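Here is what each chain is made of, one letter per residue.
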Amino acid sequence: MASATTLLETLGNLERDSFLSLLSNLIGESIHVQNNPPELIPQEDRVVKHVLNSLLPFSTTTGGGPLILNHVTYFPGRGNLIVEYPGTVPGKILSFVGCHMDVVTADPKDWDFDPFSLSIDGDKLRGRGTTDCLGHVALVTELMRKLGETKPDLKSTVVAVFIANEESGVVTGVGIDALVQHGLLNKLKEGPMFWIDVADKQPCIGTAGMIAWKLHVTGKPFHSGLTDKAINPLELAMDAIKEIQLQFYRDFPPHPREQVYGFPIPSTMKPTQWSYPGGGINQIPGECTISGDFSMKDAMKKLQEYVDDINDNIQKLESRGPVSKYVLLDEKLRGRLTLTFDEVLPGVACDLNSRGFHVLCKATEEVVGHVKPFSVTGSLPLIRELQDEGFDVQSCGYGLMETYHAKNEYCLFTDMSQGYQVLGSIIAQLEN
């Protein structure tokens, strides 16, 4: 069996010309893999084609090597690709997943360069998908190509899974959810799984959940010059949200393990959108809706209790000025709040006792020079779904967080090169 040192020497460094050639082809397809249904439906097989061109010469399909390629498609043109380098010990396995072949949208008018073609500015590799996530597709493809080309004698089976449909949850049954449902990834539960789709070269060990809410506020419309005849839903909404937020932060203070996981902020509950039916500037509307999100599923029951309490005691809610009121006694009218919940995205806490976590940290420290695991208050629901199915998922990535989903997206070749070395180190450590 190959020693760790021998294996790392065999894998060598990320080959710049080969990587850039592949990445150029992938970014050239980014205009066709934008994911924003129903207007933009990605055709991920356009990316699969280039990955296969790199790997087929070293595959069992052509007889040129040991790589086992499985192109799995549930919708026309929207394929996934599972690549396997077989090891010699049954049940000993590790996997790199999460490299998705769709991208978020880009408007060329907003960019300083063409988002749909790769441009190089020194160390910067520029274009939509360089950080998220076509750069990682190219990176992991190069790693699997090197394994297939050099054929090191490994105990561990190494599997790479390139997936469709990560950027939108509107359509399901296309990507990794379908692969799991059909049992095609079951054997990956026997070893650590590394989700390669975050950024900044450090282990990402946690994400926040996200629950969308809407607070519909009913008042009474009237002429703004006769404020005492109205129940102003805009004022009621503002006062109610303030009371709800105060109670939320009293009931849900920062959790002690937030520092362990490196979350930058605690759980939050905040408004993000406001709408009302419209009308003249001198008309108090009869209703409005505030929407927002919060990050704790356990808080759903509490939020409803807050709203129920305000409705039951709305006459006690602090109002604004001498004639603003939320109850009109003469007309037996009361303002009212109605709370509803929409999308629920669960959070993630990676297993810090997992061997996968420990080898990722060691590899990062060796290659990058330091290791500082972090958490983000965004959401990665696919990772949580994999955890719930029994996979031991760790996450990392080698793009730049500051350019994620941003205009003028880019990554650094030096970061991707270090990512190649980290993944190689992970394989080598897990041989022991």
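Structure shown above.
A brief report on the enclosed structure follows. This structure is a prediction, so every number in the text was calculated from the model and none was measured. (Residues numbered from 1 in each chain as written. Predicted model: local features only at pLDDT ≥ 70, side-chain atom pairs only at ≥ 80, totals over all residues. Heavy atoms only, no water.)

### With respect to the environment of Ala 240
What counts here: Helical segments are the DSSP runs of H or I of at least four residues, strand segments are the runs of E of at least two, and each set is numbered from the N terminus. With a 1.4 Å probe rolled over the protein chains alone, any residue whose accessible area is under 20% of its type maximum counts as buried; one over 50% counts as exposed, and the rest are partly exposed.
Its place among the elements puts Ala 240 in helix α6 (residues 233–251). Residue class for Ala 240 comes out buried when judged on its relative accessible area of 0%. A C-alpha to C-alpha distance of 48 Å links Ala 240 and Lys 124, two positions 116 residues apart in sequence.

### Quick look at empty space enclosed by the protein
Operational definition: In the cavity and pocket records, a cavity denotes points on a 1 Å grid over the protein atoms alone where a 1.4 Å probe fits but cannot get out, a pocket denotes an open set with protein on both sides within 12 Å along at least 5 of 7 lines, and lining residues are residues with an atom within 4 Å of a point. Grid points are joined across faces, edges and corners, and a volume is the space filled by probe spheres set on the points. When residues are grouped by polarity, Ala, Val, Leu, Ile, Met, Phe, Trp, Tyr, Cys and Pro land in nonpolar, Asp, Glu, Lys and Arg in charged, and all others, Gly among them, in polar.
In total, this model carries 1 cavity of 30 Å³ or more according to the counting rule given. In this model, the largest cavity occupies a volume close to 30 Å³. The wall of the largest cavity is formed by Trp 213, Leu 215, Ile 244, Met 269, Leu 303, Val 307 and Leu 339. Of all the elements in the fold, those that place two or more residues in the lining of the largest cavity are β9 (210–218) and α8 (300–312). Residue composition of the lining of the largest cavity, grouped by class: 7 nonpolar, no polar and no charged.

### A short note on the sheet that holds strand β5 (residues 124–126)
What links the strands of a sheet is backbone hydrogen bonding, and the strands pair in either a parallel or an antiparallel sense. As a reminder of what qualifies: The pairing criterion for strands is at least two bridges between them, as found by DSSP. Every axis in this analysis is a line fitted to C-alpha atoms, fitted for helices over the stretch in contact. Angles between the N-to-C directions lie between 0 and 180 degrees. Contacts: residue pairs with any heavy atoms within 4.5 Å of one another.
Pairing within the open sheet is antiparallel, and its 3 strands lie in the order β4-β5-β20. In this open sheet, the two edge strands, each paired with only one partner strand, are β4 (119–121) and β20 (410–412). Put simply, the sheet's adjacent strands are angled 25° from each other on average, direction ignored. As judged from the 3 bridges shared by β4 and β5, these two strands associate in the antiparallel manner. In the sheet register, Asp 121 faces β5, and the bridge partner there is Lys 124. Against the sheet, helix α11 (residues 413–429) contacts β5 and β20, and its axis sits at roughly 60° relative to β20.

### Concerning the packing of aromatic side chains
Cut-off, in case you're wondering: Classification of ring pairs rests on two measures: the distance between centres of Phe, Tyr or Trp rings, Trp counted by its six-membered ring, which must be within 6.5 Å, and the angle between planes, read as stacked under 30 degrees, edge-to-face over 60 and tilted in between. By definition here, charges over rings are those cases where NZ of Lys or CZ of Arg is within 6 Å of the ring centre and within 35 degrees of the ring normal.
As enumerated under the stated definition, the model contains 7 aromatic pairs in all. With centroids separated by 5.9 Å and ring planes inclined at 55°, the aromatic side chains of Phe 19 and Phe 413 adopt a geometry described as tilted. Pair noted here: Phe 19 is in helix α2 (residues 16–28) and Phe 413 is in helix α11, with a separation of 394 residues, a long-range link. Note on Phe 413: relative accessible area 10%, which makes it buried. Ring plane angle 65° and centroid distance 6.0 Å describe the contact between Phe 294 and Phe 341, whose orientation is recorded as edge-to-face. Taken together, the residues span a long stretch of sequence, with Phe 294 in strand β13 (residues 287–294) and Phe 341 in strand β16 (residues 336–345) at a distance of 47 residues. The exposure class assigned to Phe 341 is partly exposed, which follows from its relative accessible area of 25%. Taken together through their ring pairs, the aromatic side chains of Phe 248, Tyr 249, Phe 252, Phe 294 and Phe 341 make up a single cluster. Sitting over the ring of Tyr 410, Lys 124 keeps its end group 4.6 Å from the ring centre. Lying across the ring of Phe 113, Arg 126 places its NZ or CZ 4.2 Å from the centre.

### Comments concerning helix α10 (residues 381–388)
Put simply, the test is: Working definition: the arc comes from the directions between the helix axis and the C-beta atoms, pointing outward to the latter.
Turning to α10, its buried residues are Leu 382, Ile 383 and Leu 386. One side of α10 holds all its buried residues, which, seen down the axis, span an arc of 105°. Those residues of α10 that are buried are in contact with α5 (176–181), β7 (192–196), β17 (348–349) and β19 (392–396). Of the residues trailing α10, Gly 390 is marked for its positive phi of about 105°.

### Overview of the sheet that holds β9
Strand order in the open sheet formed by 4 strands is β11-β13-β9-β16, and the pairing between neighbours is antiparallel. The strands lining the two open edges of the sheet, one partner per strand, are β11 (269–275) and β16. Ignoring which end each strand starts from, the neighbouring axes of this sheet average 25° apart. The sheet contact formed by β11 and β13 spans 6 bridges and is antiparallel. Within β13, the residue paired with Met 269 across the bridge is Phe 294.

### A short note on the packing of helix α4 (residues 134–150) against α11
Spelled out, the test is: These descriptions rest on fixed angle ranges, namely under 35 degrees for roughly parallel, over 145 for roughly antiparallel, 65 to 115 for roughly perpendicular, and the rest for oblique. Left-handed is the label given to a crossing in which the near helix is rotated counterclockwise from the far helix by less than a right angle, and right-handed is the label when the rotation is clockwise.
Interaxial distance between α4 and α11 falls to 10 Å at its minimum, and their mutual angle equals 45°. Classified by the angle between their axes, α4 and α11 sit oblique to one another. As for how α4 packs across α11, the hand of that crossing is right-handed. Only Met 416, Gly 419, Tyr 420, Leu 423 and Ile 427 of α11 make contact with α4, whose side of the interface consists of Gly 135, His 136, Leu 139, Val 140, Glu 142, Leu 143, Lys 146 and Leu 147. Taken together, the residues that form the contact of α4 with α11 break down as 8 nonpolar, 3 polar and 2 charged.

### Remarks on unusual backbone geometry
With an omega dihedral of 5°, the bond running from Pro 37 to Pro 38 counts as a cis peptide bond. Tracing the backbone through its elements, the reader meets Pro 38 in the loop between α2 and α3 (45–55). The step from Asp 132 to Cys 133 runs through a cis peptide bond, and the omega angle for that step is 5°. A positive phi is found at Lys 151, a non-glycine position, where the angle reads about 55°. In this structure, Lys 151 sits in the loop between α4 and β6 (157–163). For Lys 151, a relative accessible area of 45% corresponds to the partly exposed category. Look at Lys 332: it is not a glycine, yet its phi comes out positive at around 55°. Within the fold, Lys 332 resides in the loop between β14 (327–328) and β15 (333–334).

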